[in-house]
Amino acid sequence: MVNGDGAHEHTEESDSKQDGNGEADGGEESNEQEVIVIQDTGFTVKIQAPGTEPFDLQVSPQEMVQEIHQVLMDREDTCHRTCFSLQLDGNVLDNFAELKSIEGLQEGSLLKVVEEPYTVREARIHVRHIRDLLKSLDPSDAYNGVDCNSLSFLSIFTDGDLGDSGKRKKKGNELEQIDCTPPEHILPGSKERPLVPLQPQNKDWKPMQCLKVLTMSGWNPPPGNRKMHGDLMYLYIVTVEERHVSITASTRGFYLNQSTTYTFNPKPANPSFLSHSLVELLSQISPAFKKNFTALQKKRVQRHPFERIATPFQVYSWTAPQVDHAMDCVRAEDAYTSRLGYEEHIPGQTRDWNEELQTTRELPRKNLPERLLRERAIFKVHSDFAAAATRGAMAVIDGNVMAINPGEETRMQMFIWNNIFFSLGFDVRDHYRELGGDAAAHAAPTNDLNGVRAYGAVDVEGLYTLGTVVVDYRGYRVTAQSIIPGILEREQEQSVIYGSIDFGKTVVSHNKYLELLDKTSRPLKVQRHNVLNEKNETVELCSSVECKGIIGNDGRHYILDLLRTFPPDLNFLPVEGEELPPESQRQGFPRQHRHRLACLRQELIEAFVEHRYLLFMKMAALQLMQQKANKETKTDVPAITENANTPTETTQNGECKSPLEGKELEESIPGLAQAKELAETLVAEDGSDPKSREVVLNACKAVGSISNTSFDIRFNPDIFSPGVRFPDDSTDDVQKQKQLLKDAAAFLVSCQIPSLVKDCLDHSALPMDGATLTEALHQRGINVRYLGTVLEFLDKTPAKAQLEHFYRIGISELITRCAKHIFKTYLQGVELSALSAAVSHFLNCFLSSFPDAVAHLPPDELVSRRKSRKRRNRVPGSGDNTAWASLTPSELWKNIVSEAQSYYHFAIECESVDQVVEKYGLQKSTLLREISIKTGIQILIKEYNFDSRHKPAFTEEDILNIFPVVKHVNPKASDAFHFFQSGQAKVQQGFLKEGCELINEALNLFNNVYGAMHVEICACLRLLARLNYIMGDHAEALSNQQKAVLMSERVLGIEHPNTIQEYMHLALYCFANGQLSTALKLLYRARYLMLLVCGEDHPEMALLDSNIGLVLHGVMEYDLSLRFLENALTINTKYHGARSLKVALSHHLVARVYESKAEFRSALQHEKEGYTIYKNQMGEAHEKTKESSEYLKYLTQQAVALQRTMNEIYKNGSNASIMPLKFTAPSMASVLEQLNIINGIIFIPLRKCHIMQRSNKY
């Protein structure tokens, strides 16, 4: 239900927005005006449906009539209608008209719902919709990974809804009834990692049976004479009461006919119960249906919309319970009628994906409303295309699609399905022979996808890329691409009018392409360059030679094969006679890689250019200062230029020793800051002044700029490509480019890897699992093939102990990736019928301590007596192949060790899983999760005994499914993102209210482009909740954070590290709202997930345990509280160092609990530790030190008072006069105050800039 939720939330705020950020920079003012256009205020219309009271509906002028249809099909009282029109004063409204274009439609208009006659299509849609309503609480679609359903478990822990509509509103008296003890496996120090709690049982999912069977009847389709009576199709239904009925769907509605299983009698039964809706008919003939359907819809409507909206891209779950397989006609029909793109909105044809993808790009984008419409269309088509491509790729590998070249051997086959072209990731016709064969053919599609992503983001008008999706499934890599019109009719040689089809032996160019690509050359840092063709003529290109330009029959200029959009990575490309800079050589580069397509990432190029720009500014500034100094004699200027011409020396070595270097330089040289300003004005000038020209020229030379008058670094992607030759006159350029590439490669090793490690040391990067580690590497432009190098660097770091979590995650990532590489080729030799046996055998060899895992060859369920004749059209790579069964654990681990050595150049000295677990402190549950996610395996959720030496952990019954792993382009909502960023900036400057408004605006625009569900909306909601909380609106914070948690579960996965973070934030806001038991449940859930994902030894665990300990302290569970707080203290001490302020705070929290327990000696001991840290770090006068010393005095008094009382008792026995001691439970306010401190939330109006420092990390 799209607009019930998102579209109407912000209408009433539009007036306040207009003066929101008048003081912003000019660029935003134009946006302001545009935003108001979008925010046309909504209005209310009345809806009158047959048999219900009229009700009000809030709508907005931008909506289409169709969106009202959607709302009605979702509402409890009208959900069973699908075939109707909306009429205003007797005129039927056009479904695709916007409401603002309809004459006479205004506030208070009455819209009538009028039942329309059915067609076959409408009858099918109706049956499908009823089936969806019946299945609306059933999670099986989420487990099976279909129709963009995914799991969410938040409601189990919050007991229904949070906030005002919550079921329990007990505030103060809640304390007595909470049972705070967590399950054993959540307590600190517990070693067991159970899997079953990952998916707690949801009582709503116990299905309420409405019908036993609803399927298509065997009498379909209606014979001619019945068609002429209006029969559309026949259904067969068994009610809960065991009544078997046959139903006719006719143009007038649904009625009972007289057919039985074996006799056809289409005449209406008596009574026929003719009803326009199938639900009305069934409610009349089955009381159980009526009762349960009503109850089911009540429950469905109570669920949070975010639990049921489809996600934009499919999310797969790596665990699932055993789900009963129920009869379902719609599912059955979907599977077998090649519902190629039975997409409702396109009547009777498959979708022309290429046309849709390119037309949406061509939409106008002059103002904000146009851009939103365009981005929304692009996003929608992309997500549909990704879904279709995934289905097609699976069909291809499962052998259900006929090849277009069926005569060739299976690895060479290509396929077309649903207007999408599929090819397999093998080196066909020795195309990649010089580049590394199959390994190159496997890497090329992802490189190409990165190219498509980059060109798509630059978004040049008139330049088109193909829709591209890369799918890994069952060990095969499939590339799915949209089809250029006309390409299949001609030979490739005739079509290519730009680029090369043989890696640069023959090359052609084209002026229009040069003009289009030139527009991308600056943002993508690609240099225009000349190469020689086979006749030794010079040809000009503005991309790599493999990038081909083809003009389609539709007249559009397409570019494809963008696998070398970014320059080669010389650390992994040994070239005869070329030396790498010393930084690279010291780390053992260059290294031989599997293929020669290793490229630098776009993020690295950006970082490198940014780094060179700072250097350029510094050089110019220094020269200006020297010019000032030697106004009389110009002797020293050349000196600078001389040494600057060897950029490797100055840049790499000079820059990267210390990240603060720039600052120190400015302090050490007086007047450098002014000189820098001068340099900036210089660079902006037109260069008329010869002196300044010289300065810029020298600085340009020094940093390797391609222009002599301004800073401009670009790369030639063809350098070091085998087969590409350059004309003689560009030898200098080529030399410069080679140097630039070497510098970039050295920059990665000497700057980016150390900066990643530094970020992990100061906890601004906190990877928790493989995916977040990969993301942290990629953000800094480090490819995952450097993982071994990163780990070796960590090993040599002096602060190695404080990076143990990072090292451990890195090792488990490295091992599971090696296992994935081996699994890929292992699976290719397995035929479909042995798949579950093979996968379980592999997992046993990988994880089980059982030393001789023997594969159970499937005792063929159906052995035929005659050996079946060999099938001709085999699935790619299948065969009577049981080689997989001979794999043993020791052999697999040998392979993993050698893979780690040859691919990552990292030595793992272990021979079995138990040695690895022992040596690196890994957990098997983590390894299982990582390998399952990476390879798409879905396993049965139960407790696995990995450590038994007597039987293997997995049987073939435990493998439920194998899913595709899909890579695709993520189109962005650019305007929304700018609003989001300026909102963040405002908040950092301390303008919370303005920031809040901008972020609300961003949320609006995100919803406009992405619909209701998206990762970026999740980040938006999280920040919004945090701002609501800081500004004191706890209820709003709770509502936004609840959405963020639900969305994170649905879009990223139920145990993704982000989801864990979201749970922690939600717990804090629950506590602030007085929902203590809910807060604890959420924190326990977060702790369980974190244990499963990365184990207990992780800096983030300290924060989580401090939270849990504080809440437990608040509910007076002192002993339990101490277990968590002392664990937090241990972890903080390990990762932040014993002298850190975090540790001081931990000591203080522990001391408070001891005080509450009246154990003053322990309390004093801890508080003294804290006091010492504050004194050493902050000095005597600091408020923290003073607070701590006050608290010490207070504790000492309490201890003395207690001792007095004790002495009194000893002396006078029972008739002692005892002074009543004050033991107070901590007040909720004081606990909340501490919670805010540890979660980095500061309510100080003067220092608002600090508030965001923490939220920015996430």
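Cut-offs applied
- Residues numbered from 1 in each chain as written.
- Predicted model: local features only at pLDDT ≥ 70, side-chain atom pairs only at ≥ 80, totals over all residues.
- Heavy atoms only, no water.
- Helix = DSSP H or I, 4+ residues; strand = E, 2+ residues; numbered from the N terminus.
- Buried < 20%, exposed > 50% of the residue type's maximum accessible area, 1.4 Å probe, protein only.
- Contact = heavy atoms within 4.5 Å.
- Polar contact = N/O pair within 3.5 Å; in protein donor to acceptor, adjacent residues only side chain to side chain.
- Pairing = 2+ DSSP bridges.
- Axes fitted to C-alpha atoms, helices over the stretch in contact; angles between N-to-C directions.
- Patch = residues over 30% accessible without salt bridge, like charges linked within 9 Å, V, L, I, M, F, W, Y side chains within 5 Å.
- Areas by Shrake-Rupley, 256 points an atom, 1.4 Å probe, with all protein chains shown as cover.
- Salt bridge = Lys/Arg side-chain N within 4 Å of Asp/Glu carboxyl O.
- Lys, Arg positive; Asp, Glu negative; His and termini not counted.
- Charge placed at Lys NZ, Arg CZ, Asp CG, Glu CD.
- Expected span 1.5 Å × (residues − 1).
- Parallel < 35°, antiparallel > 145°, perpendicular 65-115°, else oblique.
- Left-handed = near helix turned anticlockwise from the far one by under 90°.
- Nonpolar A, V, L, I, M, F, W, Y, C, P; charged D, E, K, R; others polar.
- Phe/Tyr/Trp six-rings, centres within 6.5 Å; stacked < 30°, edge-to-face > 60°.
- Lys NZ or Arg CZ within 6 Å of the ring centre and 35° of its normal.

Novice: So what exactly am I meant to see when it comes to the environment of Asp427 here?
Specialist: Here Asp427 lies in the loop between strand 12 (420-424) and helix 15 (437-458). In this structure Asp427 comes out as buried when scored by relative accessible area, which is 12%. In this structure the C-alpha to C-alpha distance between Asp427 and Met412, which are 15 residues apart in sequence, comes to 8.3 Å. In this structure, Asp427 is in contact with Arg411, Tyr432, Arg433, Gly437, Asp438 and Ala441, ignoring residues within four places of it in sequence. In this structure the side chain of Asp427 is engaged in a polar contact, spanning 3.0 Å, whose partner is the backbone nitrogen of His431. One polar contact links the side chain of Asp427 to the main-chain amide nitrogen of Tyr432, over a distance of 2.8 Å.

Novice: Got a minute to help me understand the sheet that holds strand 16 (residues 496-498) in this structure?
Specialist: Where strands meet in a sheet, backbone hydrogen bonds hold them as pairs that are either parallel or antiparallel. Read from one edge to the other, the open sheet built from four strands follows the order 13-20-19-16, with strand pairing classed as mixed. Each end of this open sheet is capped by a strand with a single partner; those strands are strand 13 (463-465) and strand 16. Here the strands of the sheet are splayed against their neighbours by 45° on average, with no regard to which way each runs. Pairing between strand 13 and strand 20 (residues 557-560): three bridges, direction parallel. Along strand 20, the bridge assignment pairs Thr465 with Ile559.

Novice: Is there a simple way to think about a negative patch on the surface in this case?
Specialist: The grouping of Asp728, Asp729, Asp732 and Asp733 at the surface amounts to a negative patch. Mapped onto the elements of the fold, Asp733 is located in helix 25 (residues 731-761).

Novice: Can you help me understand helix 38 (residues 1076-1094) in this one?
Specialist: Because the α-helix completes a turn every 3.6 residues, residues three or four places apart line up on one side. Along its 19 residues, helix 38 runs 27 Å from first to last C-alpha, staying within 8% of the 27 Å computed at 1.5 Å per residue. Extensive coverage of helix 38 is indicated by the burial of 18 of its 19 residues. Just past helix 38, the residue Gly1095 takes up positive phi, approximately 85°.

Novice: Teacher, can you tell me more about the packing of helix 19 (residues 602-629) against helix 24 (residues 690-703) here?
Specialist: Two elements in contact, helix 19 and helix 24, have axes whose closest approach is 9 Å; the angle formed by their N-to-C orientations is 140°. In terms of their interaxial angle, helix 19 and helix 24 are classed as oblique. With respect to the hand of their crossing, helix 19 and helix 24 are arranged in right-handed fashion. Residues Arg612, Leu615, Phe616, Met619, Ala620, Gln623, Leu624 and Gln627 of helix 19 lie in contact with helix 24, whose contacting residues are Lys691, Val695, Val696, Asn698, Ala699, Cys700, Ala702 and Val703. Among the residues forming the contact of helix 19 with helix 24, the class breakdown is 11 nonpolar, three polar and two charged.

Novice: How should I be thinking about the packing of aromatic side chains in this particular structure?
Specialist: The geometry of an aromatic ring pair comes down to the distance between the two centres and the angle between the two planes. Within the structure shown, the criterion is met by 36 aromatic pairs. When the ring of Phe616 is compared with that of Phe711, the centres are 5.3 Å apart and the planes differ by 45°; the resulting orientation is tilted. Taken together, the positions of Phe616 in helix 19 and Phe711 in the loop between helix 24 and helix 25 put the pair 95 residues apart, joining distant regions of the chain. Given a relative accessible area of 1%, Phe616 falls into the buried group. You can call Phe711 buried: its relative accessible area is 11%. Considering the side-chain rings of Phe1006 and Tyr1010, the 5.7 Å spacing of their centres and the 10° angle between planes classify their relative orientation as stacked. Taken together, the residues span about one helical turn, with Phe1006 and Tyr1010 both in helix 34 (residues 992-1010) at a distance of four residues. No difference in accessibility class separates Phe1006 from Tyr1010, as the two residues are buried. One aromatic cluster in this structure is built from Phe313, Phe379, Phe980, Phe1006 and Tyr1010. Between the NZ or CZ atom of Arg75 and the centre of the ring of Phe55, over which it lies, the distance is 3.6 Å. Seen from the ring of Tyr807, Lys800 lies directly overhead, with NZ or CZ sitting 5.2 Å from the centre.

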